[in-house]
Amino acid sequence: MRVAVGMLWLLALGGPPQAQGACPSQCSCSLHVLSDGSKARTVVCNDLDMTLPPASVPPDTSKLRLERTAIRRVPGEAFKTLGRLEQLWLPYNALCELSALMLRGLRRLRELRMPGNRLAAFPWAALRDAPQLRLLDLQANRLSAVPPEAARFLGNLTFLDLSSNQLLRLPQELLATWIHQHTGPFLPGHHARLVLGLQDNPWVCDCRLYDLVHFLEGWAPNLAFIEARLKCASPRSLAGVVFSQLELRKCQSPELRPGMTSIRSPLGSTVLLRCGATGVPGPEMSWSRANGHPLNGTVHQEVSSDGTSWTLLGLPAVSHLDSGDYICQAKNFLGASETLISLVVTEPQPSTERSGGPGARWARTGEGAEAAAYNKMVARHVPHVPEPAVPATGPPVPNAKEQLLLQHFQMRAPEEHSDAPAGSQEAQTVSSLKVMGDTYQSVTLVWKAPQAGNTTAFSVLYAVFGQRDMRRVLVQPGKSSVTLRGLVPKVKYVACVCVRGLVPRKEQCVIFSTDEVVDAEATQRLINVVVISVAAVIALPLTGLVCCGALRRRWRKCGAGGSAEATGAYVNLERLGHSEDGSEDLSQHSLSEADRLLSARSSLDSQAVGIRASRRINEYFC
């Protein structure tokens, strides 16, 4: 009997202490039989006072659970003697530091569960010491990022839970690993090849999340998600939006827009250097000098409607010290692009208007000439001209800078001529170009062309003020107005009207802002309504008074008869009669002013009646 009890005790501990090792005092040990008939040991430790993993774990342990303890770190090679360990569970401890050597010697490890800890980083390189690892559970930690090199050690996993962390995005290298796995063959009836848990993270929904969103949209049956409805946390405009409802653009490195690389400007003039770039996300634009000197100007940033980022460097009253190379840089997280613009300050020329360089010629006519005319606005010098006074009311008037920009539409070499005769160009000049505001998204251009015939066709070129490319609208022959639709509210535009095939002139162009035009039209309409209302308030009582007097006069005419009718025919007349001493007396009838105004009898009839009444009195009718 005693022998049998001793055998059971040895079986419970997995053998004598000398052979298998003693169970730690703070833990409990148990044996269980596997499906192949072999025995496996499980060690469970949940002492709240435990601060380090136990050092005397039996070497034949196949499952070790250290849960709900005060363990804060796992030192290197803490489990090196557990060569038969297959499951390592460390849930809901106080872990905040892991050694890169913690998995050394665990060649048979298949599961590593560490949920509910305080890990802000994980030693991903330690996974190469566990080549048979298939399950990694890091749920409910404080991981803020997964480094790109982690993808090299996660290729063998069939379960990865990164939910409820602080992840903002995932590296493309990791997504590429998953994409390669889910494009492989899938055998029905088998378990999913990869199970992912990515929910409950504060995802930043920008272009860097593009690959993850498309990965979730196209996942195959051999992929499974613990929760497939991932949501954005930022930016604020997308907070709470499900990934399936996003329309993200793929990230692109900055690409500079072509422009002028060399500018010559006279001494004392104002120079505008302009540089544009595209990219996703929008690049940050900056200026610097190649010689390292500080900038002697102001920088203005803007983004056009097509997403192009622009930066303008204004150099007022340039001197010879401003000559040199200026570097325009566009930068986002994918990289940076630079371009060089050279500025040469020359002595002032007697002519204030140049053609852009000696011997410069327009190489194109027609539509090409129109585009070439606008290209001269990309980078240029602007002579210093004081801004004219702007009236307080009326339609918007371009300032001096805008007028100078329009002057570049007619810059050409002195010897250059258009294909059309000079007289024909003068006859087809567009004049009196006006902008009428319809809505914040549309305006109507109206012009006059007195010398143009009914067969003359016009072209309208318009663009956002400062952009390089202009849109072209063809106007049917005989029409002198066109409506531009699809404009952006509160944006400044430049528009030109010219005969098809000719280059627009300064007076054929206008600069306007959609909101200013519409507000001016609304103000004019409001003034008209106020004037009409005031006129109605003043005129209605007077009209009523006149009508009442007319009705009263008609009533008296019907009641008085012939003599009364003659007396009332001319009302409130002023008569000058001779008195006995030869002086003239002024007498007035007492009838109303309304009766006099509405009298149906003429002054001649009244004069005849007066003569018949008294031949002795001389009367003067006023």
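Residues numbered from 1 in each chain as written. Predicted model: local features only at pLDDT ≥ 70, side-chain atom pairs only at ≥ 80, totals over all residues. Heavy atoms only, no water.

For the protein chain, an unreviewed UniProt entry supplies the name Leucine rich repeat, Ig-like and transmembrane domains 1 and the organism Capra hircus.

A.B. asks: Any chance you could explain the pattern of salt bridges here in plain terms?
C.D. replies: Close approach of charged atoms allows side chains of opposite charge to pair. Per the stated rule, a full pass over the model turns up twelve salt bridges. Salt-bridge contacts for E77 lead to K80; the nearest nitrogen and oxygen are separated by 3.8 Å. Here K80 falls in the partly exposed class, since its relative accessible area comes to 46%. With its nearest N and O atoms 3.6 Å apart, the salt bridge here joins R104 to D129. With a gap of 25 residues between them, R104 in the loop between β6 (97-98) and β7 (111-113) and D129 in the loop between β7 and β8 (135-137) connect regions that are remote in the sequence. On the basis of relative accessible area, R104 is assigned to the partly exposed category, the value being 32%. D129 gets classed as buried once you look at its relative accessible area, which sits at 15%. (Salt bridge = Lys/Arg side-chain N within 4 Å of Asp/Glu carboxyl O. Buried < 20%, exposed > 50% of the residue type's maximum accessible area, 1.4 Å probe, protein only. Helix = DSSP H or I, 4+ residues; strand = E, 2+ residues; numbered from the N terminus.)

A.B. asks: I'm lost on the sheet that holds strand β12 (residues 223-225) in this one. Help?
C.D. replies: In any sheet, the strands associate via hydrogen bonds between backbone groups, in a parallel or an antiparallel arrangement. Taken together, nine strands build an open sheet; the order of strands is β1-β2-β3-β5-β7-β8-β9-β10-β12 and the sheet is mixed. Across the chains shown, the open sheet's two edge strands, defined by having one partner strand only, are β1 (27-33) and β12. In this sheet, neighbouring strand axes are inclined to one another by 10° on average, regardless of whether the strands run parallel or antiparallel. (Pairing = 2+ DSSP bridges. Axes fitted to C-alpha atoms, helices over the stretch in contact; angles between N-to-C directions.)

A.B. asks: Would you mind going over the sheet that holds strand β21 (residues 335-346) with me for this structure?
C.D. replies: Taken in spatial order, the four strands line up as β15-β21-β20-β17 in an open sheet, and their pairing is mixed. Looking along the sheet, the strands with just one partner apiece sit at the ends: β15 (262-266) and β17 (284-289). In this sheet, adjacent strand axes meet at a mean angle of 25° when their direction is disregarded. One ladder, built from five bridges, connects β15 with β21; its direction is parallel. Its bridge partner lying in β21, R264 is registered against V344.

A.B. asks: Mind showing me how you'd approach the nonpolar core here?
C.D. replies: One recurring pattern in soluble globular proteins is that nonpolar side chains are buried together. Core analysis: the largest hydrophobic core is formed by 64 residues, its most contacted members being W124 and F243. With five residues, the single largest contributor to this core is helix α4 (residues 210-217). In this structure, V460, V497, V499 and V510 belong to the second largest nonpolar core, which totals 24 residues. (Core = buried A, V, L, I, M, F, W, Y, C linked by side-chain atoms within 4.5 Å.)

A.B. asks: Would you mind showing me how to read the packing of aromatic side chains here?
C.D. replies: To describe a pair of aromatic rings, one takes the distance between the centres and the angle between the planes. All told, the structure shown has six aromatic pairs when counted by the stated rule. Ring geometry for F122 against W124: centres 4.9 Å apart, planes inclined by 65°, an arrangement best described as edge-to-face. W124 shares its class with F122; the two are buried. Through pairs of rings, three or more aromatic residues link up here, namely W178, F215 and F225. The ring of W89 is capped by K63, whose NZ or CZ atom sits 4.2 Å from the centre of that ring. The lysine or arginine in question, R274, covers the ring of W310, its NZ or CZ lying 3.7 Å from the ring centre. (Phe/Tyr/Trp six-rings, centres within 6.5 Å; stacked < 30°, edge-to-face > 60°. Lys NZ or Arg CZ within 6 Å of the ring centre and 35° of its normal.)

A.B. asks: Is there a simple way to explain the environment of V213 in this structure?
C.D. replies: Within the secondary structure, V213 is located in helix α4. Under the relative-accessibility criterion, V213 is labelled buried at 4%. Remark: the alpha-carbon pair of V213 and E247, spanning 34 residues in sequence, is separated by 9.3 Å. Not counting residues within four places of it along the chain, the set of residues in contact with V213 comprises F243, L246 and L248. (Contact = heavy atoms within 4.5 Å.)

A.B. asks: Honestly, the state of the cysteines in this entry has me stumped. Any pointers?
C.D. replies: Working definition of a disulfide: a covalent bond connecting the sulfur atoms of two cysteines. Enumeration according to the criterion identifies six disulfides in this entry. One disulfide in the model links C23 with C29; its S-S distance is 1.9 Å. With the S-S dihedral at roughly 90°, the linkage between C23 and C29 falls on the right-handed side. C23 gets classed as partly exposed once you look at its relative accessible area, which sits at 26%. Here C205 is linked by a disulfide to C232, with a sulfur-sulfur distance of 1.8 Å. Taking the sign of the S-S torsion, about -100° here, the bridge from C205 to C232 comes out left-handed. Taken together, the positions of C205 in the loop between β11 (203-204) and α4 and C232 in strand β13 (residues 232-234) put the pair 27 residues apart, joining distant regions of the chain. You can call C205 buried: its relative accessible area is 4%. Taking only the cysteines that form disulfides and numbering them from first to last, the protein chain has the pattern 1-3, 2-4, 5-7, 6-8, 9-10, 11-12. Lacking any disulfide linkage, C498 is separated from the closest cysteine sulfur, that of C496, by 7.4 Å. (Disulfide = S-S within 2.5 Å.)

A.B. asks: I tried to follow the confidence of the model for the protein chain on my own but got confused; where do I start?
C.D. replies: Caution applies to low-pLDDT regions: their predicted coordinates should not be interpreted in detail. Looking at the protein chain as a whole, its pLDDT mean stands at 74, while 67% of the residues score no less than 70. When the criterion is pLDDT under 50, residues 352-427 qualifies, and its contacts beyond four places in sequence or with other chains add up to 127 contacts. Predicted confidence is poor over residues 562-622, with pLDDT under 50, and the contacts of this stretch with residues over four places away or in other chains come to 62 contacts. (pLDDT = per-residue confidence, 0-100.)

A.B. asks: Would you mind going over the environment of L168 with me for this structure?
C.D. replies: Looking at the secondary structure, you find L168 in the loop between β9 (159-161) and α3 (172-182). Accessibility expressed as a relative area gives 33% for L168, which makes it partly exposed. Along the backbone, L168 and L143 are 25 residues apart, and their C-alpha atoms lie at a distance of 9.6 Å. Excluding its chain neighbours within four sequence positions, the residues that come into contact with L168 are S144, P202, W203, V204 and L209.

A.B. asks: Help me understand the side chain of T69, please; the structure alone is not making it clear to me.
C.D. replies: Tracing the chain through its elements places T69 in the loop between β3 (61-66) and β4 (73-74). Within the structure, T69 has its side chain in polar contact with the side chain of N93 (distance 2.5 Å). (Polar contact = N/O pair within 3.5 Å; in protein donor to acceptor, adjacent residues only side chain to side chain.)

A.B. asks: Help me understand unusual backbone geometry in this model?
C.D. replies: For residues besides glycine, phi is generally negative; the peptide bonds are generally trans as well. Residue P235 is reached from S234 by a cis peptide bond, and omega for that bond is 0°. For the bond from V280 to P281, the omega torsion is 0°, close enough to zero to count as cis. By the secondary structure assignment, P281 is in the loop between β16 (270-280) and β17. Within the chain, E77 stands out as a residue other than glycine whose phi angle is a positive 55°. At Y92, a position not held by glycine, the phi torsion is positive, near 55°.

A.B. asks: Which parts of the structure should I look at to understand the environment of L502?
C.D. replies: The residue L502 is located in the loop between β28 (492-499) and β29 (509-513) in this model. A relative accessible area of 12% means that L502 is categorised as buried. Sequence-wise, L502 and T429 are 73 residues apart; in three dimensions their C-alpha atoms are separated by 9.7 Å.

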